[in-house]
Amino acid sequence: DPTGPRRTEGHALMPWPTARLGDLVRIVGGGTPSRNNPDYYNGDVPWVTPKDMKSWNLYGARINITRIGLENSAARLVPKNSVLVVVRSGVLKHTLPVGLNRVPVAINQDMKALLCFDYVDPDFVARFIQARSAEVLGWVRATTADNFPIDKLKELTLSLPPLAAQRRIAEVLNRADALRGKRRRAIALLEDLNQAIFIEMFGNVIRNDRQWPPLQVRDFVAGFESGKNVVADDAEDASSKYRVLKVSAVTSLTFRPLESKAAPLNYAPPRHHFVRPGDLLFSRANTTELIGATALVADTPDNLLLPDKLWRFVWPDIPRSDPLFVRQLFQQPEFRREIGRLATGTSGSMQNISQSKVL
């Protein structure tokens, strides 16, 4: 935790000094060259926007601008090893993208670059902001677009060890992040293997190339039940007795109970809103790519509640299928695409599907 390590002098524990983030960095913004001038684009300057913030280290961007475009807009060249933060985007509803540009880049107006002073390590600062992302996301306000006030970011305080210690801390966290990345890739490979075995055993479920008797989902699923979207004033309030699952609890196709938010302190949930071991959960609202994500609950804390956007499968009194089979069926890419095709919604960022269409 980069906010609270300690150093020793002799036999005594000595606290590191604390500092405001705004006193450790210079914050600059960006802009967009006029789209009407083709001379401003397809140059040699990477122009980073929130869509590029998919990785921790950035070595380029989807779009490049020219030096002339840079000089004739609010965009500016950001030196390498600056901390890049998305400050305005719909993604701030659930994620705070943070990264470091390893080459000089320009940024657009939805980004801020934190230029660290010589006694501050950029990786350390970036990891600190990442560690406080839940707090920052709590500031997000929806005006013309989801955004948060930069002044509040400046007021964040952190413990500031010597530069060498900052670098060691950042290196450890970077290594841990790399290990998590390898683990995610290994899980993805195992999931690909699961899907391949499923197809080998049962064939393509959409084309039904094995000529199994055709059924509708309603023939082996009785229906779905959901909870209620209740949220405390402070979504991270640790004093709340109950927590409500986020949609992100199932989008990885593996149940993640920590993806939850606090319920109001005085909320008394009905019994059927509680998540139970053995539940098969289904996301009825999400992006086109993520709608229909399905995950099986192997184990769960006893205070987790269903939201309105996650459904629990309800099975008929006389079972006609195994929940493990249904989970794998619903996780097949071609089956997921069919669910996405049936979904509706005016926004590409949030699609919905009705129970009747799923059934």
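You'll find the structure just up there.
Rules used in this analysis
Residues numbered from 1 in each chain as written. Predicted model: local features only at pLDDT ≥ 70, side-chain atom pairs only at ≥ 80, totals over all residues. Heavy atoms only, no water. Helix = DSSP H or I, 4+ residues; strand = E, 2+ residues; numbered from the N terminus. Polar contact = N/O pair within 3.5 Å; in protein donor to acceptor, adjacent residues only side chain to side chain. Contact = heavy atoms within 4.5 Å. Pairing = 2+ DSSP bridges. Core = buried A, V, L, I, M, F, W, Y, C linked by side-chain atoms within 4.5 Å. Buried < 20%, exposed > 50% of the residue type's maximum accessible area, 1.4 Å probe, protein only. Phe/Tyr/Trp six-rings, centres within 6.5 Å; stacked < 30°, edge-to-face > 60°. Lys NZ or Arg CZ within 6 Å of the ring centre and 35° of its normal. Arc of directions from axis to C-beta. Axes fitted to C-alpha atoms, helices over the stretch in contact; angles between N-to-C directions. Salt bridge = Lys/Arg side-chain N within 4 Å of Asp/Glu carboxyl O.

**Student:** Mind showing me how you'd approach the side chain of Ser260 here?
**Tutor:** With respect to the element layout, Ser260 can be found in strand 18 (residues 260-262). Within the structure, Ser260 has its side chain in polar contact with the side chain of Arg243 (distance 2.8 Å). Sequence-distant contacts of Ser260, that is, excluding residues within four places in its chain, are made with Arg243, Val244, Leu245, Lys246 and Leu304.

**Student:** Honestly, the sheet that holds strand 22 (residues 304-305) in this entry has me stumped. Any pointers?
**Tutor:** By way of backbone hydrogen bonds, the strands of a sheet pair with one another, either parallel or antiparallel. Pairing is mixed in the open sheet, where three strands are placed in the order 18-17-22. Looking along the sheet, the strands with just one partner apiece sit at the ends: strand 18 and strand 22. Pairing analysis gives three bridges linking strand 17 (residues 243-245) to strand 18, with the strands arranged antiparallel. Looking at the pairing, Arg243 lines up with Ala262 of strand 18.

**Student:** I would appreciate a short explanation of the nonpolar core in the present structure.
**Tutor:** Among the nonpolar cores identified, the biggest contains 32 residues, and Val83, Leu96, Val125, Ile129 and Phe148 are the most heavily contacted of them. Broken down by secondary-structure element, the contributors of at least two residues to this core are strand 9 (82-86), strand 10 (98-101), strand 12 (111-116), helix 2 (122-131), helix 3 (133-137), helix 4 (150-154) and helix 5 (163-202). Ranked by the residues each element gives to this core, the list is headed by helix 2, at five residues. If we skip the residues at most four places from it in the chain, Phe148 touches Val85, Val86, Val87, Leu92, Leu96, Val136, Trp139, Val140 and Leu153. Grouped together as the second largest cluster of nonpolar side chains are 19 residues, Phe198, Phe220, Val221 and Ile353 included.

**Student:** What is the right way to look at the packing of aromatic side chains in this model?
**Tutor:** A ring pair, where both rings are aromatic, is described by two values, the distance of the centres and the angle of the planes. Evaluation of the coordinates by the stated rule reveals 16 aromatic pairs. Members of the aromatic cluster, each reached through a chain of ring pairs, are Phe224, Phe282, Trp311, Phe313, Trp315, Phe330 and Phe335. Above the ring of Trp56, the side-chain terminus of Arg127 is found at 3.8 Å from the ring centroid.

**Student:** What exactly am I supposed to notice about the pairing of strand 9 here?
**Tutor:** Looking along a regular strand, one sees side chains alternate from face to face of the sheet. The buried fraction of strand 9 amounts to five of the five residues, a majority that puts the element mostly inside the structure. Burial of the side chains of strand 9 extends over both faces: Ser82, Leu84 and Val86 are buried on one face and Val83 and Val85 on the other. Across four bridges, the pairing between strand 9 and strand 10 is antiparallel. Bridged to Ser82 within strand 10 is Asn101. Across four bridges, strand 9 lies against strand 12 in antiparallel orientation. When the bridges of strand 12 are listed, Val85 appears paired with Lys112.

**Student:** How should the environment of Gly90 be read in this particular structure?
**Tutor:** Looking at where Gly90 falls in the secondary structure, it is placed in the loop between strand 9 and strand 10. Sequence separation of Gly90 and Asn147 is 57 residues, and the distance between their C-alpha atoms is 8.3 Å.

**Student:** Mind showing me how you'd approach helix 7 (residues 333-342) here?
**Tutor:** Three or four residues apart is the spacing at which side chains of an α-helix point the same way, because the helix has 3.6 residues per turn. Of the residues making up helix 7, those classed as buried are Phe335, Arg336, Ile339 and Gly340. Along the long axis of helix 7, the arc covered by the buried residues comes to 145°, so they all point the same way. Facing away from the buried side of helix 7, by more than 90 degrees, are the exposed residues Arg337 and Arg341. On its buried face, helix 7 is in contact with strand 19 (280-283) and helix 6 (323-331).

**Student:** Help me understand the sheet that holds strand 19, please; the structure alone is not making it clear to me.
**Tutor:** Spatial ordering of the open sheet is given by 16-23-19-21, a layout of four strands whose pairing is antiparallel. Every interior strand has two partners, whereas the edge strands, strand 16 (223-226) and strand 21 (294-296), have only one. Mean inter-strand twist for the sheet, computed between neighbouring axes without regard to direction, equals 35°. Examined bridge by bridge, strand 16 and strand 23 (residues 310-314) share four bridges and lie antiparallel to one another. The partner of Ser226 across the bridge, within strand 23, is Trp311. Packing of helix 6 onto the sheet brings it into contact with strand 19, strand 21 and strand 23, and relative to strand 21 it is tilted by some 155°.

**Student:** What am I meant to see in the pattern of salt bridges here?
**Tutor:** Pairing of side chains with opposite charge becomes possible as their charged atoms draw close. Applying the stated criterion to the full structure yields 18 salt bridges. In this structure, Arg88 engages Asp110 in a salt bridge whose closest nitrogen and oxygen atoms are separated by 2.7 Å. Of this pair, Arg88 sits in the loop between strand 9 and strand 10 while Asp110 sits in the loop between strand 11 (105-107) and strand 12, and the two are 22 residues apart along the sequence. Residue Asp110 is classed as buried on the basis of its relative accessible area, which comes to 16%. Notably, a salt bridge pairs Asp151 with Lys154, separated by 3.9 Å at the nearest N-O pair. Of this pair, Asp151 and Lys154 both sit in helix 4, separated by three residues, roughly a single helical turn. Looking at Asp151, the relative accessible area reads 53%, which means it is exposed. One salt-bridge network, in which partners are shared between bridges, spans Glu225, Arg276, Asp279 and Arg312.

**Student:** Sorry, what's going on with the side chain of Thr294 here?
**Tutor:** Within the secondary structure, Thr294 sits in strand 21. A polar contact is formed between the side chain of Thr294 and the backbone oxygen of Gly292, at a distance of 2.9 Å. Those residues in contact with Thr294 that lie beyond four places of it in its chain are Leu253, Leu280, Leu281, Phe282, Phe313, Arg327, Phe330 and Gln331.

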